[in-house]
Structures are given as C-alpha cells and as structure tokens.
Amino acid sequence: MSTERDKARYPFTAEAAEFIRKLGLRIEDLTSEYYRPILVRAEQRIRQALTEFEVTPQEHDINIEVTSFPTAVMLMSYVNNELAKRRYALAESKSFSERLREEPPEKILRIAKETFGWDVKPIPEGERQTGDFLLHFKQYLTNIRNLRELRWKLTNRPLRNGYVQLMREEAARLIEEEIQRRILEKTKNPLAKLPEALQDTIKSIERLAATSTPTQTPIQTFDLKIKDSPPCIKKLIETLSSGGRLSHIGRFALTSFLVNAGAKEEEIVGFFKSASDFDERKTKYQVEHISGRRGGKTKYIPPKCDTLKTHGVCSEPDELCQRIKHPLTYYKIKIGRFKKGQVQPTMKT
Amino acid sequence: MNNEAKHRAGRNMVKARFHEYYRRNRENITPPKSMGQREFGFLLFVEGVMLRHKSFNQPSELGKFIEATVPSDIYYSAAYYMDPEAPMDRKGWTGSDLIFDIDADHIETECKKIHDRWRCDACGTSGGGKPPMICPKCKGQRFTETTWMCRECLEEAKIEASKLIDLLIRDFGVNHEEVNLNFSGHRGYHIHVESEVFKNLGSDERKEIVDYLTGLGLDLKLLNLSYPPGESDISGKFTVHDPGWRGRIARSIEEIILRMDREPLGKLGLRREVIESIIEYRKNIGKDISEFIKDVDRKTWRQIIHKAVTLAKVNIDTVVTTDIHRLIRLPGTLNGKTGLKASKVNVKDLPRFDPLKETVAFEGEERIHIEEAPRFEIGGEEYGPFKDVDETLPAHAAILLLCKGSAYPVVKPIV
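The model shown is predicted, which means the values in this text are computed figures rather than measured ones.

Before going further, it helps to spend a moment on the sheet that holds strand β7 (residues 117-120) of chain B. Residues and elements named next belong to chain B. Ordered by their spatial adjacency, three strands build an open sheet running β8-β7-β9, and the pairing between neighbours is antiparallel. Both outer strands of the open sheet, β8 (126-128) and β9 (143-146), are each paired with one neighbouring strand and no more. Direction aside, the axes of adjacent strands within the sheet are offset by 20° on average. Examined bridge by bridge, β7 and β9 share four bridges and lie antiparallel to one another. What sits directly across from R117, in β9, is T146.

As structure tokens, this is what we get:
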C-alpha cells in the first residue's frame, strides 16, 4: 500500500486513480465554488510546467493535489497548442521521475507493475552487479523510442531470455517515458464539450502557451539547395548521377526529401534520369504518389535518421548529423529556417 | 518462332507443370495460423500481374483458387487484419508476425562471380557477378541480371538462419515451437515467428530488434569490452555465458581462437602474426579464451573483437522485418523463379537439410533448347554449363532453366 503522501507525489499511479474514481468528480463540478481549489491547483501545475519546466508537489492537501493532476491533463486536452501539450507532458513526467529515482527499488517496481502492467522482476540481491531489475524487452522497446543515447540501444544492453537488465535510475527514466506518452495520449482530444465556465481558464492557458512556446514558421516553399542537404541525401544523388541504382528505401528517402525540400516534380524526375534503371513513367508516378497528388493523398516525409541507419542509407554523418533526428531538420537548420536557440519541433514520422 | 514467342512457350510449359503440381498437392499447402485474418497475394504467369487483397477462410477455398488461377508465386500477409480484402488504409491492422528474410543476395559469396551473370541491354556484352556501373563496351547503363542458386550460397544462408534462430531463442526468449523456418525455394530462408509477444510491435520496435540482430550502434565501451579486456568490466570476467552481445562476442572469439582452421582465419582477414599466435596458443594451453585474451596487445584485441562482431552479426533483409504489412511466400507453394517448393524445415534438421534435393517438385523429362546456363546443381545431379544446345533433362532441371528464362521448349516435329 502506498502512503497518502505517495498519492500526492505520484498522482498517476493506479492507487491514486482509484482514489480519484471514488471521489466521483465530474467535469461540471470543477466550475463550482466548492471544488475551485482543485481547478486553481491544476492551473498552477500547468503554469509552472510551461514556464519553469517542472511541477513541484504540494503535500498539505492530498485531496486537492491528487485530483489536480487529472484535472490539469483534462484542461490541456482543450488547449490548442501541440508544443504546449508536449511541454506540459514532459515537465510533469520529468518531475515524477526525478522524485521516483530516489525511491527504494521495491516502490519503483510496484509502480511499474501495478500502474503500467510491466513485466518486470527484481534481480536477486547477490547478482546485482549490472542491474537491479529485469524488464521484458517489449516494454523496454516501447519506452526507448525517443531516447537516442547509445546506452539505450538494445544492442548495448544485457538481454537474455527476453529480459533486459536495468539499473534503478534507468527504470525511473523509462517510467518517465511511459507517463509522458500517457499524458500526451490523454491530452490529444477532449472527452467532453468544454463547460462555458471553463472557457476563460483555457483561454488564459493558451495565452501563456503562446508567449512561452516559440511559434513555428509556416511551411514555405523554397528553392532547392543541394549543398545544404545532409550527407545521406548528397550520397544518394551522387550514386544516381554516376549511373548507380538505389535501394527501394534509398529511392523513397531521396524523393520524399526532395518533395519536402521544395523541389519541382520535373527537377526530381531529372535526378533519376541518370539512373541505370530509369523508367520515366514509373518515376513520375512515384513522385506524384509521394508528393500526395495520387493514391492516398498524403504527402510523405522522409524516414528519420534512425531508420535510414537501420537500412544502410545513412552515410558519413557529419557534426550537425549528431544533433538532429531527421534529415529535413538538418536541411532546415542549414538553410536558416530555424533561428539559433529556437526549439526544434520534432518531426512526426 | 521469334524470341518472345519462344519464351512465352517456356512460361506455358512451366504453368502447365505448376497446374499439374497443384492439382495433385493441394493438401500439402499449409495455410498460416488465423488464415481468415490474412491478406493473400498471387503473382500470375501473365507478365507482372499481381492479384492482391484476397482472403480465404478455409484451406479448401484457397486450394480451389490456386488450382483455378495457377499463379507463379503465392504470398500471404505477415499481418493480421479485421478486413483483409479492404483497401490498404481500411484493412484494420491488428498485428503482425515477426518475419525475417535471409537471402544470398545480401551475403557476399565468392561463387556469385561464377554463377551470377549480367548482360548489357544495349550491346549484349555479358559478364559474371554483379553488373558494372556502365557497360565496358558500349557505355550502356542498363543490364539484365540472372542470379543462380548454388550450394555455397545456400550454405551461407543456412549459417545465417542458424545464428538468427539461436539469437531469437537465447536472447529474446522465443519458444522453439514459435519459430517457423522455411526454405524460400530460391536463394535463402524465411523465418516466421508467430507469437503474441511480437504480434503488436510497431515498426519502430521491430527496427530496434533488427539493429540488435545486425549489431547496429554497438558500443564496446558500453559493453565493457574496451582494451585492456576484462579490466574495465565491473563483474571482472568476460565469458561465453554473458547475456546479450557480450556473450555473442565471447562465443565468436571462442570460435575464432579454439576452433577455426588456418584457412577460415585467413578469410576472416586476421593478420598473419595473429593467426600464428592463435594456432600456437591452441597447441599449448588452449582451453578457454580468457588466458589468450590476457596477453594480447591492443591492436590484436581490436582486430579480434572486430572480427568476432562480424561473425556474430546476422545478415538479414532489414526492410522485410520492419515492414508490418509485408507479404511473404506461402510455405508449400512453388517458387516461380525456380520451380522448387518453398518448404518448411524442421529447425533440428537444418544442418542436414538439402534444399537443392529435397524441394524438387516435378517428375519425368522435358526437351528444351538452352541458350546459356552456368554449371548448376539440382535434385542431387550436376548439369551444364550449356550454350545453345538442345537437351533432354529431368523435368525439375528443365523447369528451372525455363523459369530463369535461359531456355525454351523444343517443339516436337509433327509427323
């Protein structure tokens, strides 16, 4: 059993959720004077998250503290600003995991199992040299998706019989990812229509979000600058122009890159003309398909760097490559679409 | 007869043989688990026509369809769908088997220079191995390639398949019964893992599994394997029983140091003095790797680790595994590139399995005109090389040549 204090500090747990369920709170109730403190605290959570990138727990009134978390999440679902949603989820999950990593292993283990349903078990005391826990690779893989450091790659982890060894702090870090994903999922779409009385609250959060998160430059078309393309793209072009053949994924990466970099259709077809297996009709069809003028009508964007690595398309990465996750980000930085210090939006892939 | 007509006659002969085969062996086709949730695809003998988005609830329905259409190749989706016949974006993906394609196309083998051919479309110049960037004679850039299967290529593919299966079982905890191993009927093996554990993994997670198999992103420092060996290791030892890539590398090093002969050691690209020190060690004290490792210099350690990693990597087609909508050849059906049966292989029997003999599907003989073919093996016999000759060959050999487009039927004179 967790203590009252634990519920306030970790309001995302199964136990805290059960506690809230028993309170039987509905969205309309939030507008009543009686529940006002919850709404105030929820707003405070959001404000702190957006401006200070953390959320400090308040433990004097556990009822308010526990309920303020799902309330804040619910409020964020009405906020029309994707970046603010991401920032909120990040601040909450980060603050939780910072607290969590100080906890005894048993507590971390219980949360992972009971709240998130992880298949995780302790490594016996005497064998804890390279890890405290064994986590099933499935939950491990789901939660390392956004972690880029090499130490998280499955390749560099002790893996046996389907289980990955983890240190306590690492487990806390993965729980952070799990919470972040769940918060983001819940803030995606509002569950109910927004009560009239809450509209001002949402508006004021949106105003704050607008000032604290950078606005994205609207997509514009620009002239293609090959010299500013990442090394992988240059290499693909080089291969083509020397009469070489590209793999299916290489072809897709190049075409979708060019489409998104603003190249005209004839220009793209032109690149493929020197290919040894050039077929004008087919190439045109593919270009039209990728640019969203045929078939599913979706404009495709190139695969992210990790995917290009897996399929052997990534070649000779340079210094800038180390800092980005996506070939288009590389290009946009080079041609100056991102100002210095501006947060780069992550590409959806 | 012009060229096109000759080859059309060849395809007709193959189709007739396939028809006969499916008429007699309908019940040998083993449909996949939950067949009603799969999409089926059929490549027809009509040039390049693919029938897709089909589904069948009963093996008998599938059998009837195959007998009626006589496709050259038959595929099914590794994916499970709510509605397999709907267009792609409305099928309702509910999961996918984890599949692997091991193909000699992706493995460097010396023999390819002998049995694989290219031919310049413009001037007809031809040569062995992979086609050049530009034709040495006419500077043309378009080529027709003919690839052949051979024992050496298939042995290499077998080694990769064994490595993969070992890794799935040992590292990922897959059960033996969940691993379905199939010879593709051409140059490799397909491995299907039908397991709830992998079923709903997305493309990103499958990509990470692929990276694990191919050793992508491997960092020796993180694995505590930088020089000097052992010292940086918190547990103090480095053994073949270590989990993950540490154990894989240790087992490869053991293979290199305790078991490999001079020739394969040389092929691996180890320096001569390293090879000699390995042989010397083995003669005197060689019982395990730790003693050897203790004394090596930095350069040797680096080289041995590097080669051990190369040995332990699994050579797979990365795109197949990460594609969660992939169609894959249905076991028990014929491969249109060879006329051989794509066949299920018992994992235990893999070392003894002879893909060029046990998957032969036809009986009798056929008389054909062979334009050009290298020396090849099928059904336990060797044939060729051939150049512009009429031959009467066992049907499986003749069909192989017809499938490869290297021959056409000799029309019997009407008396």
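In any sheet, the strands associate via hydrogen bonds between backbone groups, in a parallel or an antiparallel arrangement. Residue and element names in this part refer to chain B. Sheet architecture is open: four strands sit in the order β6-β11-β10-β13, paired in antiparallel fashion. Strand pairing shows two members of the sheet lacking a second neighbour, β6 (98-103) and β13 (343-345), which therefore form its edges. Each strand axis lies, on average, 25° off the axis of its neighbour in the sheet, ignoring direction. Direction of pairing for β6 relative to strand β11 (residues 188-193): antiparallel, over a ladder of six bridges.

All right, on to the side chain of T201 of chain A then. Residue and element names in this part refer to chain A. Among the structural elements, T201 can be located in helix α9 (residues 199-212). By relative accessible area, T201 is classed as buried at 10%. For T201, the residues in contact, after removing those within four places along its chain, are L39, E43 and L75.

Empty space among the atoms becomes apparent when a probe as large as a water molecule is rolled across them. The calculated volume of the second largest pocket comes to roughly 910 Å³. Of all the secondary-structure elements, those providing two or more residues to the lining of the second largest pocket are β3 (159-160) and β4 (163-166) of chain A together with α7 (244-259) of chain B. Sorting elements by how many residues they give to the lining of the second largest pocket places α7 of chain B first, with three residues. Its residues assigned to classes, the lining of the second largest pocket shows 12 nonpolar, 10 polar and 10 charged.

Chain B puts 42 residues into the contact, and the matching count from chain A is 39 residues. Here chain B and chain A share an interface that buries about 3,200 Å² over both sides, 56% of which is from carbon and sulfur atoms. In this assembly, chain B and chain A are joined by 21 residue pairs in polar contact (both at pLDDT 80 or more). Sorting the residues of the side of chain B that touches chain A by element identifies β9, α4 (151-170), α5 (196-199), α6 (203-214), α7 and α12 (318-322) of chain B as the ones contributing at least two each. Looking at which element gives the most residues to the side of chain B that touches chain A, the answer is α6 of chain B, with eight residues. Across the side of chain B that touches chain A, the residue classes tally to 20 nonpolar, 10 polar and 12 charged.

Scoring rules and cut-offs
Residues numbered from 1 in each chain as written. Chains lettered and ligands numbered in written order. Predicted model: local features only at pLDDT ≥ 70, side-chain atom pairs only at ≥ 80, totals over all residues. Heavy atoms only, no water. Pairing = 2+ DSSP bridges. Helix = DSSP H or I, 4+ residues; strand = E, 2+ residues; numbered from the N terminus. Axes fitted to C-alpha atoms, helices over the stretch in contact; angles between N-to-C directions. Buried < 20%, exposed > 50% of the residue type's maximum accessible area, 1.4 Å probe, protein only. Contact = heavy atoms within 4.5 Å. 1 Å grid on protein atoms, 1.4 Å probe; cavity = no way out; pocket = protein on both sides within 12 Å on 5 of 7 lines; lining within 4 Å. Points joined across faces, edges and corners; volume = space filled by probe spheres on them. Nonpolar A, V, L, I, M, F, W, Y, C, P; charged D, E, K, R; others polar. Buried area = accessible area lost by both parts, 1.4 Å probe. Polar contact = N/O pair within 3.5 Å; in protein donor to acceptor, adjacent residues only side chain to side chain.

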